[in-house]
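In case you want the letters, here they are:
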Amino acid sequence: MNLHSLFLLLFFFFLLFFICAESTQPQPPFSCDSSNPSTKSYQFCQTSLPLTQRVKDLVSRLTLDEKISQLVDTVPAIPRLGIPTYRWWSEALHGVAFLRGVSERMGIHFNGSIKSATSFPQVILSAASFDSHLWYRIGQATGIEARAIYNAGQAIGMTFWAPNINVFRDPRWGRGQETPGEDPFLTGKYAISFVRGVQGDSFQGGKLGNQLQASACCKHFTAYDLDKWNGTNRFIFNAKVTMQDLADTYQPPFQSCIQEGKASGIMCAYNQVNGVPNCADYNLLSNTARGKWSFNGYITSDCDAVSIIYDNQGYAKTPEDAVADVLKAGMDVNCGDYLKRYTKSAVQKKKVSVDEIDRALHNLFSIRMRLGLFDGNPARLPYGNIGADQVCSKEHQDLALEVARDGIVLLKNSKQLLPLSKLKTTSLAVIGPNADNSSTLVGNYAGPPCKTVTPLQGLQSYIKNTRYYPGCSTVACPSATVDQAVQIAKNADQVVLIMGLDQTQEREELDRVNLLLPGKQQELIISVARAAKKPVILVLLCGGPVDVSFAKYDQKIGSIIWAGYPGEAGGIALAEIIFGDHNPGGRLPITWYPQEFTKVPMTDMRMRPQISSGYPGRTYRFYNGKKVFEFGYGLSYTSYSYQFVSVKQNNVYLRSSIDPSNRHSNQIGYRLVSDIGSELCENSKLAVTVRVENQGDMTGKHPVLLFVKQPEVGNRNPVKKLVGFQSVKLNAGENAEIEYKLSPCEHLSRANEDGLMVMDAGSQYLLVGDKEYLINVMV
């Protein structure tokens, strides 16, 4: 055999090898395989036809039993039509996740070549960055990794039940860690950015069209923020909410998520609102979401939220009534099997029509088609080239570190204790139960991380002479070995205490009963601080706030850092901040309340204070009590100053015709925003320019928060409210001008007691830091 023949033989051998290897790779499930001649006759496989026509054709081919089988989260295949199985339930709260205990129902699995995914900081810490583009990049990376896992054949679902955009109303809520915090404006902006990133839209929106990289779902709709507290659980809780609070607190994040984020999914919550289960509320799901907000997607129940309408709440008289209630209200898919079990008998008893089932199926199959699952081989489609190499990529892991850096909040820094000197710090004592526990870093709803670096490991990378002692066997800290901890602290140059909470203290189905550190943690902290040579550094890992007033005012505790649940790279970020390789810039997205706040029932949904009863209200917008730390608070290693440079038209006229002689009158009154009209609202937008200067000697990334307030807190108005934020990076001595664009009808309006948005005539103030700017509104 000559050399040429040998070369050809080897070439064909390797070609055959690669073809065989490719054919053995797991393939993602899809419909409308071009190699199957029968699919050519189906209109639902013809991608040139309009989506609605394709879906209508598919649904028309299904038997009643097949239709009913598609109304639950675990969907069987329909082999005669070439339709594969599907799983509606996947999680991606802060990275693609996997929940143990329900693995057979999950759409994503880590049991193939891909074993992990990038684990970003828990949402509450990401929110502390006040950086919309950063949130978009988190969503984008999550969506890319989700599609890569699907392309690798490890997914039978691409619908992700995230983000959680309930307002963090009560500091005891175990799931507050999953949210962007207590402010509805901030939460709405987070929802928009994250959803656009996951689904494959551009940062500014408008690119998406019909195709979805992955599907995001805004939850839990609505007024859901209690899991299990003092004998009341989320399954039976009837949230009594005023129309005013619904309008300016509970609903705005969902409206933003739908109208601007273009979310393709919504999840209706377990609880009732004013006596009606969310999943059975026609006004909520159909009138509001689909009608007023033009939602175009699918609506899922929370898991078993249909069954509880009959079994727990007694709202429905029979199981069939529960099925009828949710389908008539506009819900499409049941997480659980209640619709599978009772829909046919509901049809037979004429409680549900087949048309109502078809409506739900139209929404469900529309999403699966938008994901490209009915367009043939996904490898030849958009997003088909996203490979396994994009999961846990260096870019995504660097992003996880960046988010942790930008979110961590410096709460106290007496006498500029921090940053510590890398050269002068001779030894380090690291004490606390959260110092070396990698699972604590990621919080809940997390997948297997690419890799983790604990705070202890991060600090050891700076100071080799580091001694570690947990002090408590667990975060609950029922007893503390104080003597040993004190001895280690005495012999160290510097001491870092890493304390706080974990998922044994706050999580889904576990709300806290107090705001103090668990067990003997406070005793351990105080004892170590007294024994240490120098003031100590206290680091808190937790989602919800804790009352650390004792540490705030203790001179032996020099610095306090809140690190949330900082994700897989949290230990690196924390060490970089402590030793000055990164300047902290995060700001609190939630008020830190004192322990006395726990006297307020968690079941009281009112946002506004009531002086006569002593009810203090909730969140920075309304709460009138003492605070440990305020919303938006956060220190830096440098200092910043602000100045209003210009405000285009500081007199806002919202009347179609204005009497010039009356422009400077002190007319008192208000006007419904709906009566002003969209054109006049659009033409009345304000451009506000603020100059920010870094007056210190260290580069820093700084979120600049713009608030608005009225001269008097009358008409049950907020004390102040956030209307804009931007994050800017400035070198020492550098300044920059930031422009905010405000719509008076959106940002300067308020909700009245009927839940209608109104514009008040008179003065309002723009606030940035300690600077105010007066604007006048004429209505």
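So, how was this worked out
Residues numbered from 1 in each chain as written. Predicted model: local features only at pLDDT ≥ 70, side-chain atom pairs only at ≥ 80, totals over all residues. Heavy atoms only, no water. Salt bridge = Lys/Arg side-chain N within 4 Å of Asp/Glu carboxyl O. Helix = DSSP H or I, 4+ residues; strand = E, 2+ residues; numbered from the N terminus. Buried < 20%, exposed > 50% of the residue type's maximum accessible area, 1.4 Å probe, protein only. Disulfide = S-S within 2.5 Å. Axes fitted to C-alpha atoms, helices over the stretch in contact; angles between N-to-C directions. Parallel < 35°, antiparallel > 145°, perpendicular 65-115°, else oblique. Left-handed = near helix turned anticlockwise from the far one by under 90°. Contact = heavy atoms within 4.5 Å. Polar contact = N/O pair within 3.5 Å; in protein donor to acceptor, adjacent residues only side chain to side chain. Pairing = 2+ DSSP bridges. Right-handed = clockwise from strand over helix to strand, strands pointing away. Core = buried A, V, L, I, M, F, W, Y, C linked by side-chain atoms within 4.5 Å.

Peer 1: Outline the pattern of salt bridges, supporting the account with residue identities and numerical values.
Peer 2: In the structure shown here, the tally under the stated rule is 36 salt bridges. Linking R608 and D245 is a salt bridge whose minimum nitrogen-to-oxygen distance equals 2.6 Å. On the criterion of sequence distance, the pair formed by R608 in the loop between α20 (570-578) and α21 (619-622) and D245 in helix α7 (residues 243-250) is long-range, its members being 363 residues apart. Note on accessibility: R608 and D245 belong to one class, buried. Among the salt bridges present, the one from E737 reaches R691, with a minimum N-O distance of 2.8 Å. Residue E737 is found in strand β24 (residues 735-742), and its partner R691 is found in strand β21 (residues 686-694); the two are separated by 46 residues along the sequence. What makes E737 partly exposed here is its relative accessible area of 47%. For R691, a relative accessible area of 27% corresponds to the partly exposed category. Shared partners join several salt bridges into a network, and the residues in it are R175, E178, D227, R234, E508 and E509.

Peer 1: If you had to explain the state of the cysteines to someone new, which residues and values would you point to?
Peer 2: Counting across every chain of the model gives 7 disulfides. Across the disulfide, C218 is cross-linked to C257 (sulfur-sulfur distance 1.6 Å). Pair noted here: C218 is in strand β4 (residues 215-221) and C257 is in helix α8 (residues 252-259), with a separation of 39 residues, a long-range link. As far as burial versus exposure is concerned, C218 and C257 are alike and both buried. There is a disulfide in this structure between C681 and C745, and the S-S distance comes to 2.0 Å. Residues C681 and C745 are joined by a disulfide whose S-S torsion is about -85°; by sign, that bridge is left-handed. With C681 in helix α23 (residues 678-683) and C745 in helix α24 (residues 744-747), this residue pair connects regions lying 64 residues apart in the sequence. Judged by relative accessible area, which is 8%, C681 ranks as buried. Not engaged in a disulfide, the cysteine C217 finds its nearest cysteine sulfur in C218; these two sulfurs lie 6.8 Å apart. With no disulfide partner, C542 has as its closest neighbouring cysteine sulfur the one in C472, 15 Å distant.

Peer 1: Can you explain the packing of helix α14 (residues 394-407) against α20? Please cite residues and give values.
Peer 2: Orientation of α14 relative to α20, taken along the N-to-C sense of each, is 45°, at an axis distance of 8 Å. One finds that α14 runs oblique with respect to α20. Along this stretch, α14 crosses α20, giving a crossing that reads as right-handed. From α14, L401, A404 and R405 reach across to α20, where they touch G570, I572, A573, E576 and I577.

Peer 1: An account of the side chain of D493 is requested, with residue identities and associated values reported.
Peer 2: Among the secondary structure elements, D493 is positioned in the loop between α17 (482-490) and β15 (494-500). Accessibility expressed as a relative area gives 11% for D493, which makes it buried. Separated by 3.1 Å, the side chain of D493 and the backbone nitrogen of T426 make a polar contact. Within the local environment of D493, its side chain forms a polar contact with the side chain of K534, the two groups lying 2.7 Å apart.

Peer 1: Break down the pairing of β15 for me, citing the residues and quoting the values.
Peer 2: In terms of residue burial, β15 counts as a mostly covered element, since 7 of its 7 residues are buried. Alternating residues of β15 divide into Q494, V496, I498 and G500 and V495, L497 and M499, and every residue in both groups is buried. Sheet analysis places strand β13 (residues 428-431) next to β15, joined by 4 bridges and oriented parallel. Pairing of V430 across the sheet is with V496, part of β15. In this sheet, strand β16 (residues 536-541) lies alongside β15 in parallel orientation, the contact comprising 5 bridges. Note on β16: the bridge partner recorded for I498 is V539. Traced from β15 through helix α18 (residues 521-531) to β16, the parallel crossover comes out right-handed.

Peer 1: Could you give me a rundown of the environment of I431, with the residues and numbers involved?
Peer 2: The residue I431 is located in strand β13 in this model. In this structure, the C-alpha to C-alpha distance between I431 and A489, residues 58 residues apart in sequence, is 8.3 Å. Leaving out residues up to four positions away in the same chain, I431 has contacts with Y469, A485, A489, V495, V496, L497, I498, M499, L524 and V528.

Peer 1: So what about the nonpolar core? Which residues, and what values?
Peer 2: With 215 residues, the main nonpolar core has V495, V539, L540, W562, I578, W592 and L722 as its most contacted residues. The element best represented in this core is helix α5 (residues 132-151), accounting for 9 residues. Discounting residues that sit within four places of it in the chain, L540 has contacts with M499, G500, L517, V546, V548, I560, I561, W562, A563, G564 and W592. Ranked by size, the runner-up nonpolar core spans 32 residues in total, among them I676, C681, V704 and Y740.

Peer 1: Outline the sheet that holds strand β18 (residues 640-647), supporting the account with residue identities and numerical values.
Peer 2: Strand order in the open sheet made by the 3 strands is β18-β21-β24, with antiparallel pairing throughout. The strands lining the two open edges of the sheet, one partner per strand, are β18 and β24. Neighbour-to-neighbour, the strand axes of this sheet turn through a mean angle of 25°, independent of strand direction. Alignment of β21 against β24, held across 8 bridges, turns out to be antiparallel. From the neighbouring strand, A687 faces β24, where its bridge partner is K741.

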